[in-house]
Each structure stands twice: as structure tokens, then as C-alpha cells.
Amino acid sequence: MWVEHQDYKSLLLQKWHAAAVHGSPMYVLCRRLKLLKAPLKQLNKLHFRHISKRVRRAEADLEQHQALLHNDKDNEHLLAQDKKHRLDLVNLKSVEKMFYSQKLKCNFFKDCDRGTSFFHALMSHRHKKNFIPAIRCNSGSLTTSMAEVGDVFVSYYQ
């Protein structure tokens, strides 16, 4: 989400090379990451904090603006503002989508590591999806025997 922001790369380069850090490679890495922490927190605070509230607010603003535009459809100023409101809303929704997809990935990995029923259901679904119950042999007949299915695959790829 941060990587997509327009200021991210310049902020990263500026802070990464801001101070000369000497020491072992691990120390240099840790020190530079520590120097990046505060600016990245500030970037997050300014542009990504309370993203769902900001999306709802942008939707409400667009709806109000479209009501004004409905009464005065030929107003160029209102048309330009409408375009700006739409663009802002699309950008905010995109950021919100990235935020929630990252949050889902974190929860997914956290739940998978625990050996929970969610993990076992996921593995069961994956097994069912990857299972091949039957296959057509070279002779044209259909076979459901596990040994024959395996033999057909091996002979095909040899």
C-alpha cells in the first residue's frame, strides 16, 4: 500500500542515504530501518489512517455534489469538481482494497500456522481440488483405479 504512494520512493531514498552508518552489515541494516520507521509511520498517518471512514466520507461528498450537479447540469465548475471527487473516491477505494487484502493475508498466515480447523479445512479443500478421480487412457477407456491413473500420468510425461 505504501509502495503505491507517490511520495514513498523519494522518502525511502532520502532517509536511507541520509546518514552515513558504519559497522557490520546487520547493524547498518537495522540502523537504516530504524531511521525509516518514523517517516513511514508519518506517511501512514497522513495518507492511510482511518481509510474506511475516509472512503465513506468521500462517497457522501460525491453524493452531495452529484445532487448539486443534478440541478445545474451545464455548470463547468461543478463538472470539474465531480470528476475530481470521482477520482479521489476511486483512489481511496483502491487504497482501502489494498489495506484489507494485506490484512487478510496476515490473518491467513497467522491462522494457518496454528493448525486450526481453518487450516485443516483449507488443506482438505486443496486436496479435493487437486485430486484426479479418473483419467482417460491412451486406449480411450476411462479408468478410476488410483494405480492406473498414476501410471497414465507417468507414461504420458515419459
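Here, the structure is the one placed above.
The model shown is predicted, which means the values in this text are computed figures rather than measured ones.

(A) Summary view of the side chain of histidine 65. Summarising the element assignment, histidine 65 is placed in helix H3 (residues 51-71). The residues contacting histidine 65, other than those within four sequence positions of it, are Leu78, Gln81, Asp82 and His85.

(B) Broad picture of the nonpolar core. One finds Leu40, Leu43, Phe48, Leu89, Leu92 and Val95 to be the most contacted residues of the largest nonpolar core, which totals 14 residues. In terms of residues, this core owes the most to one element, H3, which gives four residues. Ignoring any residue separated from it by four or fewer positions in sequence, one finds leucine 43 in contact with Trp2, His5, Tyr8 and Phe48.

(C) Structural view of a nonpolar patch on the surface. Side chains of Ile132, Phe153, Tyr156 and Tyr157 sit close together on the surface and give an oily, nonpolar patch of about 480 Å² of accessible area. Its location among the elements puts isoleucine 132 in the loop between helix H5 (117-130) and strand S1 (135-136). Given a relative accessible area of 34%, isoleucine 132 falls into the partly exposed group.

(D) Quick look at the environment of valine 154. Positionally, valine 154 belongs in helix H6 (residues 146-157). Residues valine 154 and asparagine 75 lie 79 residues apart in sequence; the distance between their C-alpha atoms is 70 Å.

(E) Focus on the packing of aromatic side chains. Enumeration over the complete set of coordinates arrives at two aromatic pairs. With a centroid separation of 5.0 Å and 75 degrees between ring planes, the pair formed by phenylalanine 99 and tyrosine 100 is classed as edge-to-face. You can call phenylalanine 99 partly exposed: its relative accessible area is 28%. Overall, tyrosine 100 belongs to the partly exposed group, its relative accessible area being 39%. Ring centres 4.9 Å apart and planes at 90 degrees place the aromatic pair tyrosine 156 and tyrosine 157 in the edge-to-face group. Like tyrosine 157, tyrosine 156 is exposed.

(F) Representation of the packing of helix H1 (residues 8-16) against helix H2 (residues 25-47) in the model. Running from N to C, H1 and H2 cross one another at 140 degrees; their axes reach a closest spacing of 9 Å. Crossing hand, H1 versus H2: right-handed. Residues Tyr8, Leu11, Leu12, Lys15 and Trp16 of H1 pack against Leu29, Arg32, Leu33, Leu36, Pro39, Leu40 and Leu43 of H2. Here the residues of the contact of H1 with H2 sort into ten nonpolar, no polar and two charged.

(G) Highlighting H2. In this model, H2 (23 residues) spans 32 Å end to end at C-alpha, consistent with the 33 Å of a helix rising 1.5 Å per residue. In H2, a bend of some 30 degrees at lysine 37 exceeds every other bend along the element, and proline 39, a proline, comes one to four places later. Inspection of H2 places Val28, Arg32, Leu36, Pro39, Leu40 and Leu43 among the buried residues, and these make up the whole buried set. Along its buried surface, H2 packs onto H1.

Rules behind the numbers
- Sequence positions are assigned chain by chain, starting from 1 and proceeding in written order.
- Thresholds applied to this predicted model are a pLDDT of at least 70 for local features of residues and 80 or more for the giving and counting of side-chain atom pairs; totals over whole chains, interfaces and linings are not thresholded and use all residues.
- For the side-chain quantities, the full set of heavy atoms in the structure was used; hydrogens and water were omitted.
- Secondary structure counts use DSSP, requiring at least four H or I residues in a row for a helix and at least two E residues in a row for a strand, with both numbered from the N terminus.
- The criterion used for residue contact is that any of the two residues' heavy atoms lie within 4.5 Å.
- By nonpolar core we mean a set of buried residues, namely Ala, Val, Leu, Ile, Met, Phe, Trp, Tyr and Cys, connected to one another through side-chain atoms within 4.5 Å.
- Residue burial is assigned from relative accessible area. The probe radius is 1.4 Å, only protein chains are included, and a residue is buried under 20% of its type maximum, exposed over 50%, and partly exposed in between.
- Patches draw on residues past 30% relative accessible area with no salt bridge. Two like charges within 9 Å are joined, as are two nonpolar side chains (Val, Leu, Ile, Met, Phe, Trp, Tyr) within 5 Å.
- The method behind every accessible area is Shrake-Rupley, applied with a 1.4 Å probe, and residues are considered shielded solely by the protein chains displayed.
- A carboxyl oxygen of Asp or Glu within 4 Å of a side-chain nitrogen of Lys or Arg is what we treat as a salt bridge.
- Only the six-membered ring of Trp is used, alongside the rings of Phe and Tyr, when aromatic pairs are assigned; centres must lie within 6.5 Å, and planes under 30 degrees apart are stacked while those over 60 apart are edge-to-face, with the rest tilted.
- Axes, fitted as lines to C-alpha atoms, cover a helix only where it is in contact. Angles between the N-to-C directions of the axes lie from 0 to 180 degrees.
- Less than a right angle of anticlockwise turn of the near helix away from the far helix marks a crossing as left-handed, whereas a clockwise turn marks it as right-handed.
- Each residue is assigned to one of three groups, with Ala, Val, Leu, Ile, Met, Phe, Trp, Tyr, Cys and Pro labelled nonpolar, Asp, Glu, Lys and Arg labelled charged, and all others, Gly among them, labelled polar.
- Take the number of residues in a helix, subtract one, and multiply by 1.5 Å to get its expected span.
- Throughout, bend refers to the angle between the axes fitted to the seven residues that end at a position and the seven residues that start at it.

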